[in-house]
Amino acid sequence: WFALISIAETKLEGTAARISRFTSGTIHFLAHLLGMWLLFCIFLFINFNVIKPWFESYGINRLLGAPLNFWIPSLTAVEMVPLGGIFGGVIFGLYLALGYRFGKVNADWTFSSQRLTRYKCFLRMRFEPDRLTIYPIGIDDIPTRTGPLPAWKWTENPADGESRLKPRTPFQARLIEGPIVIKSDEVHNIPRSMTKMG
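Residues numbered from 1 in each chain as written. Predicted model: local features only at pLDDT ≥ 70, side-chain atom pairs only at ≥ 80, totals over all residues. Heavy atoms only, no water.

K.L.:
Can you help me understand the overall build of the protein chain in this one?
P.N.:
Counting its secondary structure elements, the protein chain contains 5 helices and 8 strands. Here the protein chain holds 198 residues, and 19% of them are scored as buried. Of the contacts made within the protein chain by residues no fewer than 6 positions apart, 51% connect residues no fewer than 24 positions apart. Carbon together with sulfur atoms contributes 64% to the accessible area of the protein chain, which is approximately 15200 Å² in total. (Helix = DSSP H or I, 4+ residues; strand = E, 2+ residues; numbered from the N terminus. Buried < 20%, exposed > 50% of the residue type's maximum accessible area, 1.4 Å probe, protein only. Contact = heavy atoms within 4.5 Å. Areas by Shrake-Rupley, 256 points an atom, 1.4 Å probe, with all protein chains shown as cover.)

Here it is, written out as structure tokens:
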């Protein structure tokens, strides 16, 4: 519960932020708890009403010296590990999707797990003695490697500095947002070991 509250994100500030994080973390925790309880009840029902009668139909009332009633809860615990992990992952994914949809939070976690192969972004940085300028660049449509006509072409003898593999249609790169400038006099608490470097 504490972990889910501590990772909850919000765009609010002050007391409203603490209430928001506590609320969303608690709802997230209760969703996992409810999911675990539902799975446990389903497995107990199946194990006692399907699996146990199946064993008893063959005259098996004991396994390895213990009655079936001993093994059924153990079987339920074993079933909970893989399927509970999958179900918990689904709940966490829903939490991220809903958080981004309604609160515009957890964007980094939400998009990092989507494996969007047609959209790429990267940072281009320019280092100067007194400043660092960061350019966030996005490419909205990366050609795929599959399809009836290959989107990439191979160049036998590329010029110096050119790639052998080129897209048939040039990329359309764009700035995601304006350049971010960090001036050296605005940066505080730089360790002394870093100031002696180059």
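K.L.:
Looking at this model, I keep getting lost on the environment of Leu-75. Mind explaining?
P.N.:
As for its position among the elements, Leu-75 is in helix 3 (residues 68-103). Exposure remark for Leu-75: the relative accessible area of 30% places this residue in the partly exposed category. The spatial distance from the C-alpha of Leu-75 to the C-alpha of Leu-44 is 8.9 Å, given a sequence separation of 31 residues. When sequence neighbours within four positions are dropped, the list of residues in contact with Leu-75 reads Asn-47 and Ile-51.

K.L.:
Honestly, the packing of aromatic side chains in this entry has me stumped. Any pointers?
P.N.:
By convention here, two paired aromatic rings are described through the distance between centres and the angle between planes. A complete count under the given rule lists 5 aromatic pairs for this structure. Here the aromatic rings of Phe-70 and Trp-71 are separated by 5.1 Å at their centres, their planes lie at 80°, and the arrangement is edge-to-face. A connected cluster of aromatic rings, assembled from ring pairs, spans Trp-1, Phe-22 and Phe-29. When the ring centre of Phe-102 is taken as origin, the NZ or CZ atom of Arg-101, which lies over that ring, is 5.3 Å away. (Phe/Tyr/Trp six-rings, centres within 6.5 Å; stacked < 30°, edge-to-face > 60°. Lys NZ or Arg CZ within 6 Å of the ring centre and 35° of its normal.)

K.L.:
Please explain a nonpolar patch on the surface as it appears in this structure.
P.N.:
On the surface, Leu-34, Trp-37, Leu-38, Ile-42, Phe-45, Ile-46 and Val-50 cluster together into a nonpolar patch covering about 700 Å² of accessible area. Looking at the element boundaries, Phe-45 is found in helix 2 (residues 14-57). Phe-45 sits in the exposed class, given a relative accessible area of 54%. (Patch = residues over 30% accessible without salt bridge, like charges linked within 9 Å, V, L, I, M, F, W, Y side chains within 5 Å. Salt bridge = Lys/Arg side-chain N within 4 Å of Asp/Glu carboxyl O.)

K.L.:
Just checking my understanding: could you explain helix 2 for this structure?
P.N.:
Residue pairs spaced three or four apart in an α-helix point in one direction, given the helix's 3.6 residues per turn. Helix length check: helix 2 (44 residues) gives 64 Å between terminal C-alpha atoms against 64 Å at 1.5 Å per residue, within 8%. Within helix 2, the axis deviates most sharply at Asn-47, by approximately 35°. Taken residue by residue, helix 2 has Ala-17, Gly-25, Thr-26, His-28, Gly-35, Leu-39, Phe-43, Asn-47 and Lys-52 as its buried positions. Along its buried surface, helix 2 packs onto helix 1 (2-7) and helix 3. Gly-59 occupies a position one or two residues after helix 2 and carries a positive phi of about 80°. (Expected span 1.5 Å × (residues − 1). Bend = angle between axes of the 7 residues up to and from the residue.)

K.L.:
What exactly am I supposed to notice about the side chain of Lys-52 here?
P.N.:
One can find Lys-52 in helix 2. Not counting the four nearest positions on each side in its chain, Lys-52 is found in contact with Asn-47, Leu-68, Asn-69 and Ile-72.

K.L.:
What should I look at first to understand the environment of Ile-91 in this one?
P.N.:
For Ile-91, the position within the fold is in helix 3. In this structure the C-alpha to C-alpha distance between Ile-91 and Ala-31, which are 60 residues apart in sequence, comes to 7.1 Å. The contact partners of Ile-91, leaving out residues within four places of it in the chain, are His-28, Ala-31, His-32 and Gly-35.

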